[in-house]
Amino acid sequence: MTGEREPGAQADANRRARVLMKGNEAIAEAAIQAGCDAYFGYPITPQAELLEWMARRMLELGRVFIQAESELGAINMALGAAATGARVMVSSSSPGISLMAEAMSYMAGSGTPMVLVNIMRAGPGLGGIGPSQSDYFQATKGHGHGDYRVPVLAPASIGEAMELMATSFELAERYRTPVMLVADGILGQAMEPVDLRFRTPERQTFDWALTGAAGRPGRVIKSIDLDPEVLERRNLDLQHKYREIARRETRWEGWQLHDADLVIVAYGTAARVARTAIERAREKGIRVGLFRPITLWPFPSHELARLSRHVGGILTVELSAGQMVEDVRLAVEGRCPVAFHGRMGGLVPTPDEVMGALKALKGRVDRIASPERHAHMAPVSRWHEPPERTEAEPWIHERVRRGGRR
Amino acid sequence: MTLHTPGPESPAPGASAARLIYARPEVLRDRSTHYCPGCGHGVVHRLLAEVLTELDLPAHTIAVAPVGCAVFAYDYLDIDFVEAPHGRAPAVATGIRRVRPEAFVLTYQGDGDLAAIGTAEIVHAAARGERITAIFVNNGIYGMTGGQMAPTTLLGQKTTSSPFGRDAALMGYPIRITEMLAQLPGVTYAARGTIADVGSIGKLKAMIKRACQVQMEGGGFAIVEALSNCPVGWGMTPQQSIEHLKGPVVEAYPLGVIVDRGAVAQPTHDLGCPSPAHPEA
Ligand SMILES: Cc1ncc(C[n+]2csc(CCOP(=O)(O)OP(=O)(O)O)c2C)c(N)n1
Ligand code: SF4
Ligand SMILES: [Mg+2]
C-alpha cells in the first residue's frame, strides 16, 4: 500500500537514464523487462504502438509474439501459454477487451495468471478513439460471466505504468489470476520523460503448470465442475482468494489530505487534472486534497470510508458518465456529500471545470455543515471490518486525534 | 492391432503360448466414460491413447480439451490437459506450441466447436501452419447441448433445432471444413476417416498416427477428421447410427487423405512479396 509518497529515492544505488517515451511503448518495454515470455495482440487504436513495439522487441529477444486473428484468438493463445507456466501478456483497447471477456472468466475460474492491458477509448460500441475511463465497470465488475474479480491497476503517469507492469505480473503469479492494467488513451499516446528503471519479478516454479505428465499423473487446468457442491467449494476458494487480495494488495495514493476540507477522488489522467485544480483551489484558500485509487479493484473502500468521516465533501472526477463514483458512494455510505464531474466521448475535464465543481460542492457542504455533523452519524455495521493499517496512514490518525474536522 | 503395453498382464517368460494382443494402453484411465452407449467419442479416445503410447508421447503431451461432449477427455486420458473455451482450442494450442517448442501439442474438438463457433481459430492456426495435431470428431450435431443442428448436419437431417429437417434455403449447406483447411499451405496433413467399422477404425488410427508423426518430424498443421455417430442426438439405436454413418454420412464426407505435403511445409514463393515492404528492415 502506498500512503503519502516519500519524496526522494536513493539516487546512486540505481543510476537511471531519463528518456522521453510514449506511454504505449514504455508499457511494452516494461513488460519485456518484467520477463514477459509471450505477447499476443490484435491492432486497435489507441494501443497499436504497444503491439508494434512488441512485434519488434519480442522477436529481437527470441521471445514469442503473435498478431492473432482477433482478440479472441489473442487471449486464448495467452490462456494456452499461461497454462504452461509462461509469463504472458495481451493488450487491447475497449472493444477488444469486450471480446476477451469470455477467456478472462475461464482464466479466473481455472487460476491461470496473465496480464491484460486496456488502453481505454470512448464507447459504447465502436465509439471513438479518444481517451476514456468508461471501462471502469467492465474492468472492476464486468467482462466475463460468473463470480470472479481481477485485480485492476490504474497508473496516473507513464513512469507509474512501468512500475505497475512488474506489479501486475507479480500479482498474477502470486494469486493465479488475470490482472488488468487500465490506462486511458492519453497515457497510452502521450510522451513523458521516464526513468528507465525496470523490475523483473522473481521466477517461481508452479506445481500446476502443464509441462507434460512425465513421472506424474496428468494435470488439468479447467474451470468446469458439474457437481454443484464441488463448484460451490471452488467458488468459495475463489472468494477467499479475493478477500486475501483485498486485504493485502489495495493500493492508493493521498495528496494534500492532511488539512483537506474537500477531497477529490480520481484515478489515471483524471487524477492529474485534479491535481492542477487542487493547486488552483488552494491558491484561492479552498483546502482540497486528492485521494487516488491505484487499484480500482480492490477499491480502497476502507481508507476512503475513514477519510469520509473527517472531510466535508467528496468530488469524484472521471472520464466517464460516473462509474467509479458508485464505489465512492458505497464506501462513503452517506457520511458526506459525494458529487461527480465527468466528460465523455473522448473529452477530458479541464481544471477550470473541476474548480467549478469544487466550488459548487463547497457551497453545498457549507450549507449542511454543523459542528454536530458527526455526532449522530453512528458507524454503520459492515460485513467486513477494516484491516489495521496503523503505520501507513498518519494523516488519518492525526485527524482522528483532532476529533474530526471543524 | 499390435500394441506394446508392457504391464502386469504381460505373460511371464516361459508361460504357455498365450500372447497378449489387446490391452488397455496405460494412458487410457481404467474407468467407464460418461458417453452414451454406442457413442464414437470413446473409440477415438482409445485410438488416440494407442497412438500416443506407440509413439512414446504421453509424457511430452499437452492437450487441449474442447467444449462439447468430449469436455471431460482429461478424465479418460492421463496426460496434461487445459480446457479451452468453446471453439478456441486451436488458439490455446498455439499459445502452448509457441512457449513450449519441445512439447507434443494436441487438440480434440467436435464439429460445433471447430466448424461453427471456432471457425476463425481453426482457419488461422492452420494458416499459420502451427505445429499442432488436431483431432476433429464430426458427428454432424451438437451432442452436448441436446442434438441441435451443427454446420456439418446433413441436408434434410432432423435435429432439435431443425425439426423439419435441414433446409438449404434456410440453413445453408453442410461444411466440408477439412477440405477447406487443406487448401492452406500451412497444413501439412489433412485426412478424414471414420469409426464406422473395424476396417475403417484401423485406417483412422493410421491417419491419427501420421498426423502425430508430422508434428514430431517438424511439419506444420495436421488434422484428422473422424466421422462419428451420436445415436442419442440422431434419434437412432447405436446399430442404426452406424448404418447411417456408413451410408449418407460417408457419402457426404468422402474418406481418405486429403493432403499430405510431407514432413516439412513446402516454401510457397508464389505467395511472397516481390520487394521488401520496409527497405530499412
Ligand atoms: C460460448 C458458448 N456457447 C455455447 C455453449 C454451449 N455448448 C456447449 S457444447 C456445444 C456444442 C458442442 O457440439 P460439438 O462441438 O459438435 O461437440 P459434440 O458434443 O457433438 O461432441 C455448445 C453449443 C458454450 N459452452 N459456450
Ligand atoms: S450426446 Fe451424442 S456425442 Fe454426446 S455422448 Fe451422447 S452419443 Fe456421444
Ligand atoms: Mg458434434
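Note that the structure is predicted; figures quoted are calculated from it, not measured.

Cut-offs applied
Residues numbered from 1 in each chain as written. Chains lettered and ligands numbered in written order. Predicted model: local features only at pLDDT ≥ 70, side-chain atom pairs only at ≥ 80, totals over all residues. Heavy atoms only, no water. Helix = DSSP H or I, 4+ residues; strand = E, 2+ residues; numbered from the N terminus. Buried < 20%, exposed > 50% of the residue type's maximum accessible area, 1.4 Å probe, protein only. Contact = heavy atoms within 4.5 Å. Areas by Shrake-Rupley, 256 points an atom, 1.4 Å probe, with all protein chains shown as cover. Near = heavy atom within 4 Å. Nonpolar A, V, L, I, M, F, W, Y, C, P; charged D, E, K, R; others polar. Polar contact = N/O pair within 3.5 Å; in protein donor to acceptor, adjacent residues only side chain to side chain. Phe/Tyr/Trp six-rings, centres within 6.5 Å; stacked < 30°, edge-to-face > 60°. Lys NZ or Arg CZ within 6 Å of the ring centre and 35° of its normal. Expected span 1.5 Å × (residues − 1). Bend = angle between axes of the 7 residues up to and from the residue. Pairing = 2+ DSSP bridges. Axes fitted to C-alpha atoms, helices over the stretch in contact; angles between N-to-C directions. Buried area = accessible area lost by both parts, 1.4 Å probe. Salt bridge = Lys/Arg side-chain N within 4 Å of Asp/Glu carboxyl O.

Colleague: Talk me through the overall build of chain A; I want residue IDs and the actual numbers.
Modeller: When helices and strands are tallied, chain A shows 13 helices and 15 strands. A burial count over chain A gives 58% of its 406 residues as buried. Contacts in chain A between residues at least 24 apart in sequence constitute 79% of all its contacts with a sequence separation of at least 6. Working note: accessible area of chain A is about 16,700 Å², and carbon and sulfur atoms make up 51% of it.

Colleague: How would you sum up the site of ligand 2? Please name residues and give values.
Modeller: In the vicinity of ligand 2, the contacting residues are Tyr35(B), Cys36(B), Cys39(B), His41(B), Cys69(B), Asn139(B), Gly143(B), Cys230(B) and Pro231(B). The class makeup of the residues in the shell around ligand 2 is six nonpolar, three polar and no charged.

Colleague: Any chance you could break down the site of ligand 1 for me, citing the residues and the numbers?
Modeller: The immediate surroundings of ligand 1 are formed by 17 residues, with His41(B), Cys69(B), Asp111(B), Gly112(B) and Asp113(B) found nearest. Mapping the residues near ligand 1 onto chains gives chains A and B. With respect to ligand 1, the backbone of Gly112(B) contributes an N or O atom lying 2.8 Å from an oxygen atom. At 2.8 Å from an oxygen atom of ligand 1 is found a main-chain nitrogen or oxygen belonging to Asp113(B). Taken by itself ligand 1 offers 590 Å² of open surface, and the protein chains cover 77% of this. Among the elements that make up the shell around ligand 1, the one with the highest residue count is helix H3 (residues 111-117) of chain B (four residues). Tallied by class, residues from the shell around ligand 1 come to six nonpolar, eight polar and three charged.

Colleague: Explain the packing of aromatic side chains to me, using residue names and the numbers behind them.
Modeller: Here the structure, examined in full by the defined rule, presents eight aromatic pairs over all chains. Their ring planes at 70° and their centres at 5.8 Å tell us that Tyr74(B) and Phe81(B) sit as a pair that is edge-to-face. Of the two residues, Tyr74(B) and Phe81(B), both sit in the buried class. The lysine or arginine in question, Arg275(A), covers the ring of Trp255(A), its NZ or CZ lying 4.1 Å from the ring centre.

Colleague: Please provide a residue-by-residue account of helix H4 (residues 94-110) of chain A, values included.
Modeller: Residues and elements named next belong to chain A. Relative to the 24 Å expected for 17 residues at 1.5 Å per residue, H4 spans 24 Å between its end C-alpha atoms, a close match to the ideal helical length. When the local axis directions of H4 are compared, the greatest deviation, roughly 45°, occurs at Met100. Of all 17 residues making up H4, twelve are buried, and the element is well covered by its neighbours. All of the buried residues along H4 are Ser94, Gly96, Ile97, Met100, Ala101, Ala103, Met104, Ser105, Tyr106, Met107, Ala108 and Ser110. Two residues or fewer past H4, Gly111 is found with a positive phi of approximately 70°.

Colleague: Outline unusual backbone geometry, supporting the account with residue identities and numerical values.
Modeller: The step from Gly123(A) to Pro124(A) runs through a cis peptide bond, and the omega angle for that step is -5°. As for its position among the elements, Pro124(A) is in the loop between strand E5 (114-120) and helix H5 (136-141). Looking along the chain, the bond that leaves Trp297(A) and enters Pro298(A) is cis, with omega of -5°. In this fold, Pro298(A) is placed in the loop between strand E13 (295-297) and helix H10 (301-308). Of note, Asp56(B) is a non-glycine position whose phi angle comes to about 60°, a positive value. Within the element layout of this structure, Asp56(B) appears in the loop between helix H1 (41-54) and strand E1 (61-65).

Colleague: How would you sum up the pairing of strand E8 (residues 191-195) of chain A? Please name residues and give values.
Modeller: Residues and elements named next belong to chain A. Where burial is concerned, the two faces of E8 differ: the one with Glu192 and Val194 is buried and the one with Met191, Pro193 and Asp195 is not. Two elements, strand E1 (residues 18-22) and E8, share five bridges in a ladder whose sense is antiparallel. The partner of Lys22 across the bridge, within E8, is Met191.

Colleague: Give a description of the sheet that holds strand E3 (residues 64-67) of chain A that names residues and reports values.
Modeller: Residues and elements named next belong to chain A. An order of E3-E2-E4-E5-E7-E6-E13 is seen for the seven strands of this open sheet, with the pairing classed as mixed. Each having just a single partner strand, E3 and E13 make up the two edges of the open sheet. Of the strand pairs in this sheet, strand E2 (residues 38-41) and E3 are connected by four bridges, and their pairing is parallel. Paired with Ala38 across the strands is Val64, a residue of E3. Strands in contact with helix H3 (residues 71-83) are E2, E3, strand E4 (88-92) and E5; relative to E4, the strand with the most contacts, it is inclined by about 165°. Lying over the sheet, helix H6 (residues 158-175) contacts E4, E5, strand E6 (152-153) and strand E7 (178-184), oriented at roughly 160° with respect to E7.

Colleague: Can you explain the interface of chain A and chain B? Please cite residues and give values.
Modeller: Between chain A and chain B, the residue contacts involve 37 residues of the former and 34 residues of the latter. Between chain A and chain B, a total of about 2,600 Å² is buried, with carbon and sulfur atoms accounting for 62% of that surface. The tally of links from chain A across to chain B stands at three salt bridges. The closest approach of N and O atoms between Arg216(A) and Asp80(B), which form a salt bridge, is 2.7 Å. Those elements that place two or more of their residues in the side of chain A that touches chain B are E2, E3, H3, H4 and strand E9 (220-221) of chain A. Considering each element in turn, the side of chain A that touches chain B owes the most residues, eight residues, to H3(A). Split into classes, the residues belonging to the side of chain A that touches chain B amount to 22 nonpolar, nine polar and six charged.

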